[in-house]
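Given next are the chains, with one letter for each unit.
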Amino acid sequence: MGGNAYDILVTDMMMPGMDGGALLKQAKQVSPGTVRLVLSGHAGRDLIHSSEVDFHQFLGKPVDPDRFIAMLDSFDLDHARPETVRARALVSGIARVPSLPRIHQELASYLEIGAPLGEIEILIRQDLGLASKVLKLVNSSYLTVNERVTDLSLAVQLLSHDLIRRAVLVNGATETAHSLQPSGLDLEDLWRESLAIANATRFLAEAMGQTRSVVESCYTVGLLHDVGMAVLAEDPAFGYQDLLNRHHALGAPLVEIEREAFGTDHAEIGAELLHLWGLDTALCEVIRNHHRNMADSKAFSMQMALGLAHNSNFESRSPSAFGDGASLKFKSSPPGVTVAGECASELNDPPTGLPPLQP
Ligand SMILES: [Fe+2]
Ligand SMILES: [Fe+2]
């Protein structure tokens, strides 16, 4: 299957001769652009965890045929969106999103002493790498979850100490956190802004009377909307430092510079990585579109909440304030007022056309 001739590989884990884990490893090497899915009913957790960095999604048998076909269709097999195909090719070999070393180390020590899940959740909710990893794992069907999970609180409860410990300490995350040297981007800044936007998006959903599920999904899209920037910054091969320098020197929108360099942008790249990892497609679309003009609608949508939070001239709060949406303070008035301003790490990006919000 060399030469990326196949869009998708679907494999079992327990097979005669070469098992699924070995096949996934080999497929990742010879055809890194292929989507790697596991469809299995007999694999133990140890085998699954040893292969987690090599598969994109694990689906437990039996799987609903309609759901399976819809999932395959979501990968745009007729290549109608070239920017999405390019983004997928860039991220299909990526096994993790960087974590902030200080958060990662704190989580490792919390897990070592068996800290309550609530305290572990607080840390995971502050880190793009840990949050995306937890969502990837919890959306693997071997946990017998029938629907996509987008609520990080629920994800932590479902995974429990044991699986989070394995995810954080076994799959190489400890080593990579220590050796992390992303190029050209201050991860602390990106994390701080992502948290502020997560809380602002969540705050808007709460203020507009949305259900807990929607409110928590809004937090997740806010936290992860720029995960593509973290991915691009981590690997020096992307040359992101040069792009950021040009962005600051020329004042050109970062997404335009990214599209010139990669034929796609960080919004597509982040959305496609999370799509590969099984995050709900509706949330992936919100992330994919966060630099595009919004639909002219006054009804609530996650896209609108993220767009408003992203473009609001909000004040970032200290980490201790996070988790309490009501403590967020907007310099501009929230719902009912069109606001302007930008995510500090993406200065000069074009503002989206935000209509006034109505509950
Ligand atoms: Fe962005
Ligand atoms: Fe942003």
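Residues numbered from 1 in each chain as written. Chains lettered and ligands numbered in written order. Predicted model: local features only at pLDDT ≥ 70, side-chain atom pairs only at ≥ 80, totals over all residues.

Chemist: How should the overall build of the protein chain be read in this particular structure?
Modeler: A count of helices and strands for the protein chain gives 17 helices and 5 strands. Expressed as a percentage of the 359 residues in the protein chain, the buried residues total 42%. Taking all contacts inside the protein chain whose residues are at least 6 apart in sequence as the whole, residues at least 24 apart take part in 71%. (Helix = DSSP H or I, 4+ residues; strand = E, 2+ residues; numbered from the N terminus. Buried ≥ 20, exposed ≤ 12 C-beta atoms within 10 Å, placed from the backbone. Contact = placed C-beta atoms within 7 Å.)

Chemist: Would you take a moment to explain the sheet that holds strand β3 (residues 57-60) for this structure?
Modeler: Pairing within the open sheet is parallel, and its 3 strands lie in the order β1-β2-β3. For this open sheet the edge positions go to β1 (8-11) and β3, each flanked by a neighbour on one side alone. Averaged over all pairs of adjacent strands, the angle between their axes in this sheet comes to 20 degrees, without regard to strand direction. Bridging between strand β2 (residues 35-40) and β3 involves 4 bridges; their strand directions are parallel. Following the sheet pairing, L39 is matched in β3 by L59. (Pairing = 2+ DSSP bridges. Axes fitted to C-alpha atoms, helices over the stretch in contact; angles between N-to-C directions.)

Chemist: Even after reading the chapter, I still don't get the environment of L39, so can you show me in this structure?
Modeler: Here L39 lies in strand β2. Take L39: there are 18 C-beta atoms within 10 Å of it, and that puts it in the partly exposed class. Sequence spacing of L39 and V63 is 24 residues, and the spatial spacing of their C-alpha atoms is 8.2 Å. Excluding anything up to four places from it in sequence, L39 contacts V10, D12, L59, K61 and V63.

Chemist: Got a minute to help me understand the packing of helix α4 (residues 82-91) against helix α15 (residues 266-276) in this structure?
Modeler: Between two packed helices, what matters for the description is the angle formed by their axes and the separation of those axes. Following both chains from N to C, one finds α4 and α15 inclined at 65 degrees, their axes separated by 8 Å at the closest point. What the angle tells us is that α4 and α15 run roughly perpendicular. As for the relative orientation of α4 and α15, their crossing is right-handed in sense. In this structure, α4 contributes E83, T84, A87, R88, L90 and V91 to the contact, and α15 contributes E268, I269, E272, L273 and L276. Taken together, the residues that form the contact of α4 with α15 break down as 6 nonpolar, 1 polar and 4 charged. (Parallel < 35°, antiparallel > 145°, perpendicular 65-115°, else oblique. Left-handed = near helix turned anticlockwise from the far one by under 90°. Nonpolar A, V, L, I, M, F, W, Y, C, P; charged D, E, K, R; others polar.)

Chemist: What exactly am I supposed to notice about the environment of F300 here?
Modeler: Along the polypeptide, F300 turns up in the loop between α16 (281-288) and α17 (302-311). Through-space distance from the C-alpha of F300 to that of A205 is 8.0 Å; in sequence the pair is 95 residues apart. For F300, the contacting residues outside a window of four places in its chain are M208, Q210 and A305.

Chemist: Just checking my understanding: could you explain the nonpolar core for this structure?
Modeler: Where a protein is soluble and globular, its nonpolar side chains tend to be buried together. Residues A131, V134, A230, L274, I287 and A305 are the most contacted members of the largest nonpolar core, which totals 84 residues. Considering each element in turn, this core owes the most residues, 11 residues, to helix α10 (residues 187-207). Not counting the four nearest positions on each side in its chain, I287 is found in contact with V221, L224, H225, A267, G270, A271 and L274. (Core = buried A, V, L, I, M, F, W, Y, C linked by C-beta atoms within 7 Å.)

Chemist: Please clarify how unusual backbone geometry should be interpreted in this entry.
Modeler: Where the residue is not glycine, phi is negative for most of them; where a peptide bond is considered, it is trans in most cases. Residues other than glycine seldom take positive phi values, yet H79 does so here, at roughly 55 degrees. Among the secondary structure elements, H79 is positioned in the loop between α3 (65-73) and α4. Unlike most non-glycine residues, S160 shows phi in positive territory, near 65 degrees. Positionally, S160 belongs in helix α8 (residues 152-170). Looking at S160, the number of C-beta atoms within 10 Å reads 12, which means it is exposed.

Chemist: Just checking my understanding: could you explain the pairing of β1 for this structure?
Modeler: Here is the key point about a regular strand: its side chains alternate between the two faces of the sheet. The pairing of β1 with β2 spans 4 bridges and is classified as parallel. Paired with L9 across the bridge in β2 is R36.

Chemist: Is there a simple way to think about the environment of A27 in this case?
Modeler: Inspection of the secondary structure puts A27 in helix α1 (residues 20-30). A count of 19 C-beta atoms within 10 Å places A27 in the partly exposed class. Remark: the alpha-carbon pair of A27 and L9, spanning 18 residues in sequence, is separated by 8.3 Å.

Chemist: Can you help me understand helix α14 (residues 254-262) in this one?
Modeler: Residues separated by three or four positions in an α-helix point in the same direction, a consequence of the helix having 3.6 residues per turn. Within α14, the full set of buried residues consists of L254, V255, E258 and F262. Buried residues along α14 cover an arc of 95 degrees about the axis, so they all sit on one side. Against the buried residues of α14 lie α4, α13 (240-250) and α15. Just downstream of α14, G263 is the residue with a positive phi angle, here 75 degrees. (Arc of directions from axis to C-beta.)

Spatial relationships are all this shows, so hold off on functional conclusions.
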